[in-house]
Structure formats: C-alpha cells, structure tokens
Amino acid sequence: MDETRIRLTEAMIRDTVNYPFISDVIRQLEIGRSAFYRYFPPERIHELREG
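Residues numbered from 1 in each chain as written. Predicted model: local features only at pLDDT ≥ 70, side-chain atom pairs only at ≥ 80, totals over all residues. Heavy atoms only, no water.

1. Structural notes on the packing of helix α1 (residues 3–14) against helix α4 (residues 42–50)
Across the interface, α1 lies against α4 with an axial gap of 8 Å and an inter-helix angle of 60 degrees. At the point where α1 passes α4, the crossing takes the right-handed sense. Here Glu-10, Ile-13 and Arg-14 of α1 lie close against α4, whose contacting residues are Arg-44, Ile-45, Leu-48 and Arg-49. Of the residues assigned to the contact of α1 with α4, the class counts are three nonpolar, no polar and four charged. (Axes fitted to C-alpha atoms, helices over the stretch in contact; angles between N-to-C directions. Helix = DSSP H or I, 4+ residues; strand = E, 2+ residues; numbered from the N terminus. Left-handed = near helix turned anticlockwise from the far one by under 90°. Contact = heavy atoms within 4.5 Å. Nonpolar A, V, L, I, M, F, W, Y, C, P; charged D, E, K, R; others polar.)

2. What about the nonpolar core?
Ile-6, Met-12, Ile-13, Tyr-19, Ile-22, Val-25, Ile-26, Leu-29, Phe-36, Phe-40, Ile-45 and Leu-48 together form the largest nonpolar core, which totals twelve residues. Looking at this core, the elements with two or more residues in it are α1, α2 (22–29) and α4. Among the elements that make up this core, the one with the highest residue count is α2 (four residues). Among all residues touching Val-25, those that are not within four sequence positions of it are Thr-9, Met-12, Ile-13, Tyr-19, Phe-36 and Arg-49. (Core = buried A, V, L, I, M, F, W, Y, C linked by side-chain atoms within 4.5 Å. Buried < 20%, exposed > 50% of the residue type's maximum accessible area, 1.4 Å probe, protein only.)

3. Topic: the pattern of salt bridges
Under the counting rule described, the total for this entry stands at four salt bridges. When the shortest N-O distance is used, the salt bridge between Arg-7 and Glu-3 registers 3.7 Å. Taken as a pair, Arg-7 and Glu-3 lie in helix α1 at a separation of four residues, close to a single helical turn. Judged by its relative accessible area of 55%, Arg-7 is exposed. Two residues, Arg-44 and Glu-47, come together in a salt bridge whose shortest N-O distance is 3.1 Å. Separated by three residues within a single helix, Arg-44 and Glu-47 lie in helix α4, roughly one turn from each other. (Salt bridge = Lys/Arg side-chain N within 4 Å of Asp/Glu carboxyl O.)

Pasting the structure below:
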C-alpha cells in the first residue's frame with residue numbers, strides 16, 4: 001500500500017457511519033484480511049476509531 005492508499009484507509013476506519021465494521025473497510029479496499037492487518041494492527045485501528 002502506498003501513502004495515499006494508507007491515508008484513504010485511515011479515513012475509512014475513522015468513518016464509523018459508512019464503515020461500521022472493519023470487514024466493510026477490507027471489502028471496499030479489495031485486499032486480503034492479513035494484508036490489511038499487516039498495515040493496521042488492532043492497536044492502530046483502536047487509535048483511529050477512538051479519535
């Protein structure tokens with residue numbers, strides 16, 4: 001994932017209205033679950049969701 005795609009993914013993770021579940025983000029990105037979690041471990045997701 002390049003820097004632009006990482007920023008887009010971070011915005012999607014923060015957007016809990018349109019992407020209430022992480023699986024929604026993964027589906028939209030059309031990447032594998034393991035690839036997603038390589039870039040966004042659970043701690044990072046928690047930081048982004050909590051704001």
